Amino acid sequence: MSSLNLGQRPADDAGYLEAMTAVVFMGGLNRQVVASKWEGFLTAFEGFDVAQVADFSDVDVERLSEDPSIVRYKAKIQATVENARQMHQLAQEHGSFSTWLRNLLEEKGVDETASELDARFKYMSKESSRRYLYAVGEEIGEVSDKIRRKYGPSES
């Protein structure tokens, strides 16, 4: 069984999309609810392969919004597809999404990077973007215990 893996730098862009999807779906839910369905998410979203998810159609979104193996929140499912499209575009322009993100962090810092993520990605506010940066292993400064428990490495 695959677990929700947060709090460390992903090995590839699929890991970045996986972490973003986790942050999006954990908005308003606790980590355990999302983690309990994570195996379903991995299957439903093709292992978070960015190019494959970017190619999902409205029919795929409808199908997934009725899939009991994941959290059936249609707007967030659609956001995952749109976020994959944005990541795919950035990867084509910069070699990979992770390269784009690392360069942005080096040039602009955490706050401006969070603002850029907020502007480009669905269901990502500036605050959830900071949580996302923490979830993908970036140093963002002081983090509360609540944020650490929800978006950091699993304690199991």
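This one's a predicted model, so the numbers in the text were calculated from it and none came from an experiment.

Novice: When you look at unusual backbone geometry in this model, what are you seeing that I'm missing?
Specialist: In most cases, non-glycine residues show a negative phi, while peptide bonds are predominantly trans. Residue Glu46 is not a glycine yet carries a positive backbone phi of 50°. Here Glu46 lies in the loop between α3 (38–44) and α4 (50–54). Positive phi is not limited to glycine here, since Phe48 has a value of about 65°. Tracing the backbone through its elements, the reader meets Phe48 in the loop between α3 and α4. What makes Phe48 buried here is its relative accessible area of 0%.

Novice: Help me understand the packing of helix α6 (residues 74–94) against helix α7 (residues 97–120), please; the structure alone is not making it clear to me.
Specialist: To characterise two packed helices, one gives the angle between the axes of the helices and the distance between these axes. Interaxial distance between α6 and α7 falls to 13 Å at its minimum, and their mutual angle equals 145°. Every pair of crossing elements has a handedness; the one defined by α6 and α7 is right-handed. Across the interface between the two elements, Gln86, Met87, Leu90, Ala91 and His94 from α6 touch Phe97, Thr99, Trp100 and Arg120 from α7. Per-class residue counts for the contact of α6 with α7 are five nonpolar, three polar and one charged.

Novice: How do you make sense of the pattern of salt bridges when you look at a structure like this?
Specialist: Any two side chains of opposite charge can pair, on the condition that their charged atoms come close. Tallied over the full model, the rule gives eight salt bridges. For Arg63, the salt bridge goes to Asp60, with nearest N and O atoms at 3.1 Å. With Arg63 and Asp60 both in helix α5 (residues 58–64) and three residues apart, the pair spans about one turn of that helix. The partner of Lys74 in a salt bridge is Glu62, with the nearest N and O atoms 2.1 Å apart. A residue pair is termed long-range when its members are at least 10 positions apart, and Lys74 in helix α6 and Glu62 in helix α5 qualify at 12 residues.

Novice: Just checking my understanding: could you explain the side chain of Lys76 for this structure?
Specialist: Summarising the element assignment, Lys76 is placed in helix α6. As a buried residue without a salt bridge, Lys76 has its nearest oppositely charged side chain in Asp118, at a separation of 14 Å. Only 3.0 Å separates the side chain of Lys76 from the backbone oxygen of Val24, close enough to count as a polar contact.

Rules used in this analysis
Residues numbered from 1 in each chain as written. Predicted model: local features only at pLDDT ≥ 70, side-chain atom pairs only at ≥ 80, totals over all residues. Heavy atoms only, no water. Helix = DSSP H or I, 4+ residues; strand = E, 2+ residues; numbered from the N terminus. Buried < 20%, exposed > 50% of the residue type's maximum accessible area, 1.4 Å probe, protein only. Axes fitted to C-alpha atoms, helices over the stretch in contact; angles between N-to-C directions. Left-handed = near helix turned anticlockwise from the far one by under 90°. Contact = heavy atoms within 4.5 Å. Nonpolar A, V, L, I, M, F, W, Y, C, P; charged D, E, K, R; others polar. Salt bridge = Lys/Arg side-chain N within 4 Å of Asp/Glu carboxyl O. Lys, Arg positive; Asp, Glu negative; His and termini not counted. Polar contact = N/O pair within 3.5 Å; in protein donor to acceptor, adjacent residues only side chain to side chain.

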